[in-house]
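Take a look at the letters that make up each chain.
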Amino acid sequence: MWTATVKSLALALTGAAVVRAWRPERSTLDTAVSASAPWLLAPAWPLLVGALVTRRRSLTTLAGVLAAFHAFCVSPRRGPGPNDSRDSDEPLLRIAFANVWCYNKDVTGVVNELAAGNHDVVAMAEVTDAHVPTIEAMFPSLIYPWRLMEPDPYPGSRGFALLSRVPLDDVETWSSQGHPQLDSVVTAPGAGPFRLLVVHTWGPLGRSKVGAWRAQLAEISARAQGEASSVEPGSSGNLPTVMVGDFNATRQHRSFDRLVGPGWSDAGTRPFGGWRATWPANRRWRPALFRIDHILAGPGITVRSGRAGRASGS
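Residues numbered from 1 in each chain as written. Predicted model: local features only at pLDDT ≥ 70, side-chain atom pairs only at ≥ 80, totals over all residues. Heavy atoms only, no water.

Colleague: Can you help me understand the overall build of the chain in this one?
Modeller: Counting its secondary structure elements, the chain contains nine helices and 10 strands. Here the C-alpha atoms of the chain give a radius of gyration of 21 Å, agreeing with the 20 Å that 2.2 N^0.38 yields for 314 residues. Seen through its C-alpha atoms, the chain measures out along the principal axes to roughly 70 × 45 × 40 Å. Buried positions account for 47% of the 314 residues belonging to the chain. Expressed as a percentage of contacts within the chain between residues at least 6 apart in sequence, the contacts between residues at least 24 apart total 66%. (Helix = DSSP H or I, 4+ residues; strand = E, 2+ residues; numbered from the N terminus. Rg over C-alpha atoms; globule rule 2.2 N^0.38 Å. Buried < 20%, exposed > 50% of the residue type's maximum accessible area, 1.4 Å probe, protein only. Contact = heavy atoms within 4.5 Å.)

Right under this line is the structure:
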């Protein structure tokens, strides 16, 4: 019985590791397995200990490989770390994002958390008409004079809100696979302008949505890298870029990996103080398990720190 259980566990872990290494991203199941790899492969460590104690050479080798692969999956993404020698006069900007969840009938908690954070720029996704009064009340135009409000009728997922204390220029709504995205230029006092892309992708549920999700991430990557056909020399495509939003992807996904090129930083990784997952965050008794929301900073932008909020939504 014990041997059969160990063999079944080893087989299941091997299957999960193969899917995570291959990352075909052709179905809901394989994208879910890839996203869950940090959880699914964790039993490799007790399996390794058991194999060492019982001196099973072949099992020890397999468990060791699985444990090493698990360590690789959960290790921080490579990228420039925080610069502790930063000049105190260097301009600092605080950016926040939340998916307030279109089915959320009371967004007071998440909007209040955003408002209390003293952020310079706040972006929200899945904003509906019913959410607007709460957002307007907690983010008055006197404090956040630069704003874009494009709510979707309840319960639509295409709504956005972008609120800023600092100037926003050239705010553009563009469509990726039938879902709106935002592209704007932010001018921080004492610093040069930078591009801010606010992202919200389809969830990879169902074969057609998985395909649309992959295509969206590729299109967003092209736009962020200044490769989109609409980006011309001398335009905002040459500015440093920050991406924020609900990518419906974790760093375990191949399509998300391609978003982050050399010199890019993911503010949610451990070097910047971040680690906590962001979704699901609509149940008090159920902790968030996946980090599908990200703030990504391109070359020319230094990330100082990052953290995940606690209110409902993501």
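Colleague: Would you explain the pattern of salt bridges in this entry?
Modeller: Side chains bearing opposite charge may pair, as long as their charged atoms lie close to each other. A full pass over the atoms with the stated rule returns six salt bridges. Two residues, Arg223 and Glu172, come together in a salt bridge whose shortest N-O distance is 3.0 Å. One end of the pair, Arg223, is in helix H8 (residues 207–224); the other, Glu172, is in strand S5 (residues 168–176), with 51 residues separating them in the sequence. One salt-bridge network, held together by shared partners, links Glu172, Asp183, Arg195 and Arg223. (Salt bridge = Lys/Arg side-chain N within 4 Å of Asp/Glu carboxyl O.)

Colleague: Looking at this model, I keep getting lost on the packing of aromatic side chains. Mind explaining?
Modeller: To describe a pair of aromatic rings, one takes the distance between the centres and the angle between the planes. Scanning the model with the defined rule gives six aromatic pairs in all. When the centroid spacing of 5.7 Å and the interplanar angle of 75° are considered together, the rings of Phe247 and Phe256 count as edge-to-face. Among the residues examined, Phe247 registers a relative accessible area of 0% and is labelled buried. Using a relative accessible area of 0% as the deciding quantity, one classes Phe256 as buried. Here the aromatic residues Trp101, Tyr103 and Tyr154 are joined through ring pairs into a cluster of three or more. (Phe/Tyr/Trp six-rings, centres within 6.5 Å; stacked < 30°, edge-to-face > 60°.)

Colleague: Explain the side chain of Thr278 to me, please; I cannot follow it from the model alone.
Modeller: For Thr278, the location among the structural elements is in the loop between strand S9 (265–266) and strand S10 (293–297). Here Asp293 takes part through its side chain, which lies 2.6 Å from a polar atom of the side chain of Thr278. (Polar contact = N/O pair within 3.5 Å; in protein donor to acceptor, adjacent residues only side chain to side chain.)

Colleague: Any chance you could explain a nonpolar patch on the surface here in plain terms?
Modeller: Taken together, the side chains of Trp101, Tyr103 and Tyr154 present a nonpolar region at the surface, about 320 Å² in accessible area. Position of Trp101 relative to the elements: it lies in the loop between strand S1 (95–99) and helix H6 (108–116). Note on Trp101: relative accessible area 32%, which makes it partly exposed. (Patch = residues over 30% accessible without salt bridge, like charges linked within 9 Å, V, L, I, M, F, W, Y side chains within 5 Å. Areas by Shrake-Rupley, 256 points an atom, 1.4 Å probe, with all protein chains shown as cover.)

Colleague: Would you mind going over the side chain of Asn104 with me for this structure?
Modeller: Of note, Asn104 is situated in the loop between S1 and H6. Judged by its relative accessible area of 9%, Asn104 is buried. Looking at Asn104, its side chain comes within polar contact range of the main-chain oxygen of Val100, at 3.3 Å. Leave out the neighbours within four places in its chain, and Asn104 touches His131 and Ser312.

Colleague: Where do I start with the sheet that holds strand S7 (residues 193–200) in this structure?
Modeller: Picture the strands of a sheet paired through backbone hydrogen bonds; they go either parallel or antiparallel. The six strands are arranged S5-S6-S7-S8-S10-S9 in an open sheet whose pairing can be described as mixed. Both edges of this open sheet fall to S5 and S9, since each of them pairs with a single strand only. Packed onto the sheet, H8 meets S5, strand S6 (179–187), S7 and strand S8 (241–246) and runs at close to 175° relative to S7. (Pairing = 2+ DSSP bridges. Axes fitted to C-alpha atoms, helices over the stretch in contact; angles between N-to-C directions.)

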